[in-house]
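Here's the letter readout for the chains.
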Amino acid sequence: MSESSAEAVVDAAATVALASAAGAGAGWRRATGIAGAAIGVIAAGAAAGVAVERLTVGRGMRQKARLALDSTGPYGALRGTPGKAYADDGTELYHEVDDVDPEAVPALSPRRRRLFGRKAPAPVTVVFSHGYCLSQDSWHFQRAALRGVVRTVHWDQRSHGRSGRGVRQVQDGVPVDIEQLGRDLKAVIDATVPEGPIVLVGHSMGGMTVMALADQFPELIRDRVVAVALVGTSSGKLGEVNFGLPVAGVNAVRRVLPGVLKALGQRADLVEKGRRATADLFAGIIKRYSFASRDVDPAIVRFAERMIEGTPIDVVAEYYPAFDNHDKTAALAHFADKPVLVLAGVGDMVTPSEHSEAIASLLPEAELVLVPDAGHLVMLEHPEVVTDRLADLLTRAGAVPAGATVGGYGSSTAQPG
């Protein structure tokens, strides 16, 4: 298919979807459903035009299976001490803190004495930032593993999870930019970690948020950040990502999509109904762009679906322009003298592993980990790998005692140090 014909197809589909969203025609549910599912691809970090395998299980049975997984799946059930920070535009940013369990951590080890001196340091706090159309719960496995061992902060980006809608977006119609997210992270740090050393961990858009923080607050990075983990993220050139699609189709979608998103965002109620009506297609798209291995636990796939489904279409639209404009390559220099983990799934079609390789090439001391058979949600697909490398980073930074072993679900044992 040529680029012009691909654009015509996308444009025609958009026209149908918009007309349906306005209430024209009896088939509005199906049309807006298809549009919602297409936008759902973006919610998973991809682009429209995915061919989904035909499902052989009846729709009613699939719906029952989703309900069963929702009622029994433990993922996303971890909760900490809740709180709220406020962004510079007044947006309410929800966060939770998991404090250290004194019984889980041995006395100050020689390694930590070397890093912080004889005086016991302020507790190291690990601040986790999540990706686009996800929530703080996307770090479920890592949170479980570190619970009680080290102080952690988990927060929801503006208009995601339990945080409030972006005030500037609602009142002024201003799209979100990555710089704003960096300032939001600063507000969360000010509220939850006013002093002491910090480890920053970011996945996808969360990694971009960490870079934006460094770009705007270099003194914070210099004085207080002791380590950084960038998971499945990018420092720029996201406009070149093809999401595994033909070049012609990608270019056509990129030209038409901003206008479609804006228009559909204005009819969010109808599009959300359509997304629910096409849940099977939506689920197939999410799985394709979130995971690379065939044997992913269905409960984990459903967990990812729930997070992405929970992101309203108008929020998807507000964020979309930020990614093409994102370029924080220069900000990486602020991490040059820190222990850094750069990790990505080899099968990631959203932020391809080449982007992580590019980041690591600018940070020669960074540890680069490419996980085979892993997609964009690598921390859910292969949690043991991510948790292991993160625990090693925290040990190198002095955030957990030398000799402490972080278990897969939060257990910790330690040898005398």
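Criteria and cut-off values
- Residue indices follow the written sequence of each chain, beginning from 1 at its first position.
- Totals for whole chains, interfaces and linings use all residues, but because this is a predicted model, local features are given only for residues with pLDDT of at least 70 and pairs of side-chain atoms are given and counted only at 80 or more.
- Side-chain descriptors were evaluated using all non-hydrogen atoms of the structure, hydrogens and water having been removed beforehand.
- Segments assigned H or I by DSSP are reported as helices when at least four residues long, segments assigned E as strands when at least two residues long, and all are numbered from the N terminus.
- Only protein chains enter the area calculation, which uses a 1.4 Å probe; residues under 20% of their type maximum are buried, those over 50% are exposed, and those in between are partly exposed.
- Residue contacts are counted whenever heavy atoms from the two residues lie within 4.5 Å of one another.
- For the area figures, the Shrake-Rupley method with a 1.4 Å probe applies, and any residue is considered shielded solely by the protein chains shown.
- The span one expects for a helix is its residue count, reduced by one, times 1.5 Å.
- What makes a patch is a set of residues exposed beyond 30% relative accessible area and free of salt bridges, joined within 9 Å when like-charged and within 5 Å when nonpolar (Val, Leu, Ile, Met, Phe, Trp, Tyr).
- Here, a salt bridge means any side-chain nitrogen of Lys or Arg that lies within 4 Å of a carboxyl oxygen of Asp or Glu.
- Note on ring pairs: Phe, Tyr and Trp rings are taken, using the six-membered ring of Trp, and paired if centres are within 6.5 Å. Classes follow the plane angle, with under 30 degrees stacked, over 60 edge-to-face and the rest tilted.
- Each ring is checked for a lysine NZ or an arginine CZ that lies within 6 Å of its centre and within 35 degrees of its normal; such an atom marks a charge sitting over the ring.
- Under the rule applied, a polar contact is a pair of N or O atoms within 3.5 Å (in protein, one hydrogen donor and one hydrogen acceptor; residues adjacent in sequence only if both atoms are side-chain atoms).
- By definition, two strands form a pair when at least two bridges between them are found by DSSP.
- For every element, the axis is a line fit to its C-alpha atoms; helices are fit only across the contacting stretch, and the angle between N-to-C directions ranges from 0 to 180 degrees.

Going by an unreviewed UniProt entry, the protein carries the name Lipase and comes from Streptomyces griseorubiginosus.

**Some thoughts on the overall build of the protein**
Secondary structure assignment for the protein yields 17 helices and ten strands. Residue burial in the protein is summarised as follows: out of 417 residues, 55% are buried. For the protein, contacts bridging at least 24 residues in sequence account for 80% of all contacts bridging at least 6. Accessible area for the protein stands at about 17300 Å²; split by element, carbon and sulfur atoms hold 55% of it.

**What to know about helix α7 (residues 178-192)**
Here α7 contains 15 residues, and its C-alpha end-to-end distance of 21 Å stays within 8% of the 21 Å for a straight helix at 1.5 Å per residue. Extensive coverage of α7 is indicated by the burial of eleven of its 15 residues. Those residues of α7 not exposed but buried are I178, Q180, L181, G182, D184, L185, K186, A187, V188, I189 and T192.

**Observations regarding a nonpolar patch on the surface**
On the surface, V346, L368 and L370 cluster together to form a nonpolar patch covering roughly 220 Å² of accessible area. Within the fold, L368 resides in strand β8 (residues 367-371). The class of L368 is partly exposed, set by a relative accessible area of 36%.

**Some details on the packing of aromatic side chains**
Taken as a whole, this structure holds five aromatic pairs when the rule is applied. Between F128 and W139, the ring centres sit 5.1 Å apart and the planes meet at 55°, which makes this aromatic pair tilted. Within this pair, whereas F128 is found in strand β3 (residues 125-129), its partner W139 is found in the loop between β3 and α5 (140-146), the two being separated by eleven residues in sequence. Residue classification places W139 among the buried positions, given a relative accessible area of 1%. Cluster of aromatic residues (ring-pair linked, three or more members): Y75, F141 and F303. The residue whose ring lies beneath K186 is F217, and the NZ or CZ to ring-centre distance is 5.1 Å.

**Details of the environment of D98**
Counting through the fold element by element, D98 comes out in strand β2 (residues 92-98). Beyond its immediate sequence surroundings of up to four residues, D98 is in contact with R79, G80, R143, R147, V150, R151, T152 and H154. Here the side chain of D98 touches R143 through a polar contact of 2.9 Å, side chain to side chain.

**Considering the sheet that holds strand β1 (residues 81-86)**
Reading across from one edge, β1-β2-β4-β3-β5-β6-β7-β8 is the order of the eight strands in this open sheet, with mixed pairing throughout. In this open sheet, the two edge strands, each paired with only one partner strand, are β1 and β8. Geometrically, the sheet is characterised by an average inter-axis angle of 20° between neighbouring strands, direction not taken into account. Where β1 and β2 come together, six bridges link them in antiparallel fashion. Looking at the pairing, G83 lines up with H95 of β2. Docked against the sheet, helix α8 (residues 205-216) engages β3, β4 (151-155), β5 (198-203) and β6 (225-231), running at close to 135° with respect to β5. Helix α15 (residues 353-361) contacts β6, β7 (340-345) and β8 of the sheet and is inclined by roughly 165° relative to β7.

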